[in-house]
Structures are given as C-alpha cells and as structure tokens.
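# Summary of structural features
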Amino acid sequence: MRVLVIGSGGREHALLLGLDRDPSVTELHAAPGNAGTGSVATNHPVDVASADAVVALARELAADLVVIGPEVPLVLGVADALREAGFDTFGPSAQAAQIEGSKAFAKDVMAAAGVRTARAEIVDNPAELDAALDRFGPTWVVKDDGLAAGKGVVVTPDRAAARAHAADCLEHGHPVLLESFLDGPEVSLFCLVDGETVVPLLPAQDHKRVGDGDAGPNTGGMGAYTPLPWLPAAMVDRIVDEVCKPVAAELVNRGTPFSGLLYAGLAIGAEGPAVVEFNCRFGDPETQAVLDMLESPLGEALAATARGTLADLPPLRWHDGAAVVVVLAAENYPGRPRTGDPITGANAEGVLHAGTAVGAAGEVLSAGGRVLSVVGRGADLKAARAQAYDRLGQVKLAGSHFRTDIGKAAEDGRISL
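Residues numbered from 1 in each chain as written. Predicted model: local features only at pLDDT ≥ 70, side-chain atom pairs only at ≥ 80, totals over all residues. Heavy atoms only, no water.

### Some remarks on the state of the cysteines
Applied cut-off: In plain terms, two cysteine sulfur atoms within 2.5 Å form what is called a disulfide here. Here the term buried applies to any residue with accessible area under 20% of the maximum for its type, exposed to any over 50%, and partly exposed to those in between, with areas from a 1.4 Å probe on protein chains only.
Counted by the stated rule, this structure contains zero disulfides. Left without a disulfide partner, Cys169 is nearest to the cysteine sulfur of Cys280, which lies 19 Å away. Assessed through its relative accessible area of 4%, Cys169 is described here as buried. We note that Cys191 lacks a disulfide partner, and the nearest cysteine sulfur, in Cys244, lies 3.8 Å from it. A residue is classified by how much of its surface remains accessible, and Cys191, at 0% relative accessible area, is buried.

Have a look at this one:
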C-alpha cells in the first residue's frame, strides 16, 4: 500500500512510524508533515484544510489509503471529497465528525443513544450567562462549543474564572456549553469504528494541565500512559457496550455512519463510565503511547476500517508491558510559544516530532507549542517512565518545559475506582 497521512503533529509522526512497521505498507507520504516525519515519509507542503489540494495530492501519488490525522480537515469535509474521488479514506464524514465539531450535536446523539454524560446547557446570549452559571457549580465546566484543539475547556471552582472564559467565547461569536462536573479518574478510549462495528484499542490516560500535580491551565496534552493498571478489563468492555456501540449505532440510524477513529473521553465515577467528550480522530499525545504498544499491522487495521471490512479484521495483538509519552513544550506554552530555537537530540530513538521545522542549514528548529513527544516502553509502568524520562534527558531546547509526573500517580497506586 501507498499511504498518505494528513497532518503535521506528534500523532501523525506516530501513525507514520506505526505504518512503517507494517510489511504491507510500501510507500509513505505526509502532508504537510514536520521535521521528523521526513525521515520515514516524503513530506508534501499542502493546505490540509483544502479538500481540492488534498485530493489533487492523493491523485498525484496514486494513494491506496489516505489517513486523516487532525480534526479540522475532517469537520471541513476533506474525507468526503477523498471518498467521492475514489480513495479509501480513514476518517469520518463531515456530518459524523460533528461528534467533535459541535458539543451540542454530541449531547443530542448521546441523549438519543442513552449514554451517560454531564448535564449540560448551551448559552449563546451574553445576557443569559449569569443566570445559567447560577445553575451550575461549585465546580464549573465551561466549553467552547466549536473546535478548540483541546484548549477550549475551563474546569474551575472559581465562578469569576468560569464567567471570564464563557464571556470570551461569546465575544468571539462562539456559543458556550456549561456542564455539571463529573468526578472519578479520566480515561481515553480509542475505537476503530466502521458503521456499527467497534474495535477498542488500549485505554490511556492523558495529562491535560500544564504543570506537575495537575496545576495550571489546560493544554492540548502534556503526556499519557497506557495501559491503565487501575482499570479492570471488564470496564473497557463496559465502555464499549454502554458508550461506543450505542453512539455508533445512533449515527448509523441518523444516516451518518462513522468510519474512522472514535475517541471517547470518559470519567469513571461511582455509577460507571460517563462521557466527558468525543473526538473524531486519534488523540494527541495518547496515540504516541498506544500505537507504540500495537503489535498487529497498523496499515491493515486502518485499511479495513476505511474499506468497510473491520468486522473481518483478526483480533488486535499488543506488546506486554506499558508505554509512556512525555511532551516537551516550548517556553511560554500554552500561551504564545517561543519558536525558532535549535533542538539537539531531536532525532534520537523514541523522540517524535510535533512543532518542528527544518532550518536553512538542515538543523531541527522549534516551530510550535508542543514541540516533541518522547516515548518510553518497558515491562511495567515504572520501567516505561524511566525510559521516557531518560530519553527526554538527552534532548535540549532552550526555555522548554515538561511534566515530571506523567503516569506517576498510577505507578504509585494512587488511582482507584
């Protein structure tokens, strides 16, 4: 297979590395890619939000499979255009991608499917904001109703902070979703979905806050680990049966079947799993850890999903042990990051690129907020953490920062249901 991967982050680098391990994949291309993907694929400078440009590239390459990484091209209908042009495409239609593109749509689907989630209210008029805030709390959850790259959510016990975020969203013309707070540890579960066929991957846990001990503002994700030693296998089955399959069936019932990767973000409370959010694509940085654990051929699994034959795919095989990914972020992230600095050690084993570019002299430069993802794998969580942080210690970027506690609470046995 000739495979084209759309996107430029750590998730796409992980997808390309996984595809490179599949003997059926003979040629890899990335659009636009980054400084790291160029070592495993041919990069192409394409606007991923332009359906015409992506289809033209797929035609030029005679791609056998196109894998769309980010949410923006999916919500804009790039997968639809590729399918109409005759390309096998991994990624949902624009209508099905509204499961991430519109929080209100996702809530409506969950209500129809009988899926547990937080009580919610949409506010689209600033005059109604204060009365709506009074109906929530004492911990407020305020979400931008549109796409916000994982950073449009504020969870706070401070009503003033909640109000400020909501008012900012409304000022920019974005409706706001207020939600009741869900307690319990959070889980990210990725599922390959082809209509009503649902195949779960390993569960992971993301670390959204910028600082150790979950301090500071939300980010796009500062690290993750998989599997979860505190989560019984029966709970994964329960999530699939109570959440993912009913949502997939409801989308089929609506005439907008999902094809691609459905990401369920959940809180596991006393009453079982409840949905925090859905995404319509692989999550970053969980993908870097989850795909490092995959032993089955990745191309075969993505192609089966894209071609509607997922039900015939053999059961997925996984490596023993655990994987941990730690994100190296640029100075000032999640604010406006400092960019253009040289990075040493960027091409070492286990180092995946996200916000990077190639300089005039061929050097690797920082070019975004989350610059690198560093992956470690070991016999258990402790060994995986040790390898990830050892590898991270070999990387140098002026002003950069990272969390030192990715997976530590689980390693110490401090997470339980």
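Once the structure has been displayed, the description carries forward.
### Details of helix α8 (residues 159–171)
Rule in force here: Secondary structure elements are defined from DSSP: runs of H or I of at least 4 residues count as helices, runs of E of at least 2 residues count as strands, and each element is numbered from the N terminus. By this rule, a helix spans an expected 1.5 Å times one less than how many residues it contains. Arc definition: it is the arc formed by the directions from the helix axis to the C-beta atoms. Pairs of residues are marked as contacts when any of their non-hydrogen atoms sit within 4.5 Å. Whenever a nitrogen or oxygen atom comes within 3.5 Å of another N or O atom, the pair is scored as a polar contact, on the condition that within protein one atom can donate a hydrogen and the other can accept it, and that pairs from neighbouring residues in sequence are kept only if both atoms are in side chains.
Over its 13 residues, α8 extends 18 Å from the first C-alpha to the last, a length consistent with the 18 Å expected when each residue adds 1.5 Å. Along α8, the positions that sit buried rather than exposed are Ala162, His165, Ala166, Cys169 and Leu170. One face of α8 carries all of its buried residues, which in axial projection span an arc of 135 degrees. Exposed side of α8, more than 90 degrees from the buried face: Ala160 and Glu171 are the residues found there. Lining the buried residues of α8 we find β6 (120–123), α7 (129–134), β7 (140–144), β8 (153–156) and β9 (176–179). By the N-cap criterion, in which a side-chain oxygen at the helix start approaches the backbone nitrogen of a residue two or three places on, α8 is capped by Asp158, the distance to Ala160 being 2.9 Å. Gly173 sits one or two residues past α8 and shows a positive phi near 80 degrees.

### Examining the domain arrangement of the protein chain
Basically, it comes down to this: Domain start and end points were adopted from an automatic or database domain assignment. Throughout, the accessible surface (probe 1.4 Å) given up by two parts as they are put together, summed over both, is called the buried area.
For the protein chain, the domain assignment lists domain 1 (2–93), domain 2 (119–180), domain 3 (184–312) and domain 4 (322–412). Taking only C-alpha atoms into account, the centre of domain 3 sits 23 Å from that of domain 4. Taken together, the contact between domain 3 and domain 4 spans 26 residues of the former and 23 residues of the latter. Both sides of the domain 3 and domain 4 interface together cover about 1900 Å² of buried area, and 59% of this is carbon and sulfur. It is Asp212, Met222 and Gln288 in domain 3 that bury the most area against domain 4; as a group they hold 30% of the surface buried on that side.

### A word on helix α1 (residues 10–20)
Counting buried positions over the eleven residues of α1 gives nine, a clear majority of the element. Of all the positions in α1, only Gly10, Arg11, Glu12, His13, Ala14, Leu15, Leu16, Gly18 and Leu19 are classed as buried.

### Topic: the sheet that holds strand β3 (residues 42–43)
Worth spelling out the cut-off: Strands pair, by our definition, only if DSSP identifies at least two bridges between them. Between N-to-C directions, angles span 0 to 180 degrees; the directions come from axes that are lines fitted to C-alpha atoms, helices contributing only their stretch in contact.
Strand order in the open sheet made by the five strands is β3-β2-β1-β4-β5, with parallel pairing throughout. Since the sheet does not close on itself, it has two edges, and those belong to β3 and β5 (89–90), each with one partner. α1 rests against β1 (2–7), β2 (27–32) and β4 (65–68) of the sheet, and its axis sits at about 165 degrees to β1. On the sheet, helix α11 (residues 298–307) packs against β4 and β5 and is oriented at approximately 95 degrees with respect to β4.

### Quick notes on empty space enclosed by the protein
Condition: Using a 1 Å grid laid over the protein atoms alone, points where a 1.4 Å probe fits but cannot get out form a cavity; open sets with protein on both sides within 12 Å along at least 5 of 7 lines form a pocket; any residue with an atom within 4 Å of a point counts as lining. Grid points are joined across faces, edges and corners, and a volume is the space filled by probe spheres set on the points.
Applying the stated rule across the entire model yields two cavities of 30 Å³ or more. The volume enclosed by the largest cavity comes to roughly 60 Å³. Lining the largest cavity we find Lys103, Ala106, Lys107, Met110, Thr117, Lys143, Leu177, Glu179, Val276, Glu277 and Phe278. Every element with two or more residues in the lining of the largest cavity is listed here: α6 (103–113), β9 and β17 (272–279). If you tally residues by element for the lining of the largest cavity, the top one is α6, at four residues. Here the lining of the largest cavity spans two domains, and each of domain 2 (119–180) and domain 3 (184–312) adds at least three residues to it. Residue lining of the second largest cavity: Leu192, Leu201, Leu291, Leu294, Leu298, Ala301 and Leu316, and that is the complete set.

### Some remarks on the sheet that holds β8
Strand order in this open sheet of four strands is β6-β9-β7-β8, and the pairing throughout is antiparallel. What marks the edges here is a single partner per strand, and that holds for β6 and β8. Ignoring which end each strand starts from, the neighbouring axes of this sheet average 20 degrees apart. Where β7 lies against β9, four bridges are found, and the strand directions are antiparallel. Each bridged residue has a counterpart across the sheet, and for Lys143 the counterpart in β9 is Leu177. Sheet strands touched by α6: β6, β7 and β9. Its angle to β9, the strand with the most contacts, is close to 45 degrees. Across the sheet, α8 lies against β6, β7, β8 and β9, angled at about 15 degrees from β7, the strand it touches most.

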